[in-house]
Amino acid sequence: RHYGDSEKPRCAGCDELIFSNEYTQAEGQNWHLKHFCCFDCDCVLAGETYVMENDKPVCQPCYMKNHAVHCTSCKKPIEPEAQRVSYGEHHWHAEPQCFQCLGCSKCLVGQRFMALQGKLLCSVECKKKVMAS
Ligand SMILES: [Zn+2]
Ligand SMILES: [Zn+2]
Ligand SMILES: [Zn+2]
Ligand SMILES: [Zn+2]
């Protein structure tokens with residue numbers, strides 16, 4: 001065992017010791033600045049917002065482009081830090097304009113709700129109304 005092994009952090013990306021004073025600590029490991037990069041576009045993630053996707057770090061733009069789940073209501077990708085509601089394979093922004101009853105437009109955030117194939121409903125009455133229309 002070399003003396004250097006205990007003194008210098010080891011990069012989890014390339015498995016070499018890091019001799020630079022500047023390096024990134026992320027996911028409980030140390031990385032050369034250049035070796036903690038987006039898995040999709042290779043941009044350097046030091047100091048940037050990133051998302052762990054299947055154990056691979058991706059930058060925020062790539063996450064939004066390639067990995068984000070889409071809101072069933074507005075069809076837009078849901079930001080990784082945004083509040084969301086998930087039900088089965090459906091996801092919604094946890095906001096009144098997206099997570100609302102299809103029958104009466106009542107905001108369902110924090111409320112009881114039913115979801116029929118991604119359609120949100122607050123009550124049996126609204127379900128009847130939506131089914132009839
Ligand atoms: Zn490295
Ligand atoms: Zn990227
Ligand atoms: Zn939405
Ligand atoms: Zn309703």
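In this text, all values refer to a predicted model and were calculated from it rather than measured experimentally. (Residues numbered from 1 in each chain as written. Chains lettered and ligands numbered in written order. Predicted model: local features only at pLDDT ≥ 70, side-chain atom pairs only at ≥ 80, totals over all residues. Heavy atoms only, no water.)

Enquirer: In this structure, what is going on with the coordination of the zinc ion (ligand 1)? I would like to understand it.
Expert: For the zinc ion (ligand 1), every protein donor is listed as C11 (SG), C14 (SG), H32 (ND1) and H35 (ND1), and the spread of their distances is 1.8 to 2.3 Å. Positions of the donor residues of the zinc ion (ligand 1) along the chain correspond to the pattern C-x2-C-x17-H-x2-H. On the criterion of sequence distance, the pair formed by C11 in the loop between α1 (3-7) and β1 (23-26) and H35 in the loop between β2 (29-32) and β3 (50-53) is long-range, its members being 24 residues apart. Taking the relative accessible area as the measure of exposure, C11 reaches 1% and is therefore buried. (Donors = N, O, S within 2.8 Å, 3.2 Å for Na, K, Ca; no water. Helix = DSSP H or I, 4+ residues; strand = E, 2+ residues; numbered from the N terminus. Buried < 20%, exposed > 50% of the residue type's maximum accessible area, 1.4 Å probe, protein only.)

Enquirer: When you look at the coordination of the zinc ion (ligand 4) in this model, what are you seeing that I'm missing?
Expert: Four donors placed tetrahedrally about a metal ideally form angles of 109.5 degrees, and six donors placed octahedrally ideally form angles of 90 or 180 degrees. In the first shell of the zinc ion (ligand 4), the protein supplies C101 (SG), C104 (SG), C122 (SG) and C126 (SG), at 2.3 Å from the metal. Its four donor atoms give the zinc ion (ligand 4) angles of 105 to 114° at the centre, a pattern that matches the tetrahedral case. Motif for the zinc ion (ligand 4), donor spacing along one chain: C-x2-C-x17-C-x3-C. In this structure C122 comes out as partly exposed when scored by relative accessible area, which is 21%. Using a relative accessible area of 7% as the deciding quantity, one classes C126 as buried. (Tetrahedral: all angles 85-135°; square planar, octahedral: opposite > 155°, others 65-115°.)

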